[in-house]
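Below, each chain spelled out in residue letters.
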Amino acid sequence: VEVVPMVNQVEAHPFFVPEKTIEFCQAHGIVVQAYSPLGGGPKSNAARATEGQADGTRLLLAHPSVRQVAEQLGRSPAQG
């Protein structure tokens, strides 16, 4: 490879962590940037894995840990 990318933008959030991709990028000095950090909605990998039954965003924003942190910070779950 002549030019190594500086950033790799991948779907990443608490319900979907592409560990092998992240490890590869770290080993090659490539920054990983998350898209869909709020769970990816009805088109997310979580949704695909459950044949559309799981909406990643709804699951993430309703998760007790996310709600607890948001409450502690005085923020909404999306801001926490």
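Right above here is the structure, for reference.
Basis of the calculations
Residues numbered from 1 in each chain as written. Predicted model: local features only at pLDDT ≥ 70, side-chain atom pairs only at ≥ 80, totals over all residues. Heavy atoms only, no water. Helix = DSSP H or I, 4+ residues; strand = E, 2+ residues; numbered from the N terminus. Rg over C-alpha atoms; globule rule 2.2 N^0.38 Å. Buried < 20%, exposed > 50% of the residue type's maximum accessible area, 1.4 Å probe, protein only. Contact = heavy atoms within 4.5 Å. Areas by Shrake-Rupley, 256 points an atom, 1.4 Å probe, with all protein chains shown as cover. Patch = residues over 30% accessible without salt bridge, like charges linked within 9 Å, V, L, I, M, F, W, Y side chains within 5 Å. Salt bridge = Lys/Arg side-chain N within 4 Å of Asp/Glu carboxyl O. Polar contact = N/O pair within 3.5 Å; in protein donor to acceptor, adjacent residues only side chain to side chain.

Draft legend 1. Fine view of the overall build of the protein chain. On a plain count of helices and strands, the protein chain comes out with four helices and two strands. Expected size for 80 residues packed as a compact globule is a radius of gyration near 12 Å; at 15 Å, the protein chain overshoots this value by more than 25%. Dimensions of the protein chain, computed from the C-alpha atoms along their principal axes, are close to 45 × 35 × 15 Å. For the protein chain, with 80 residues in total, the buried portion stands at 21%. The contacts in the protein chain between residues at least 6 apart in sequence include a share of 39% that link residues at least 24 apart. In the form shown here, the protein chain has an accessible surface area of approximately 5,900 Å², with 55% of it arising from carbon and sulfur atoms.

Draft legend 2. Broad picture of a nonpolar patch on the surface. Taken together, the side chains of Met6, Val7 and Val31 present a nonpolar region at the surface, about 310 Å² in accessible area. Along the chain, the position of Val31 falls in strand S2 (residues 31–35). On the accessibility criterion, Val31 (48% relative accessible area) is partly exposed.

Draft legend 3. Fine view of the side chain of His13. Secondary-structure assignment places His13 in the loop between strand S1 (7–11) and helix H1 (19–27). At a separation of 2.9 Å, a polar atom in the side chain of His13 contacts the side chain of Glu11. For His13, the residues in contact, after removing those within four places along its chain, are Ser36, Pro37, Gly39 and Gly40.

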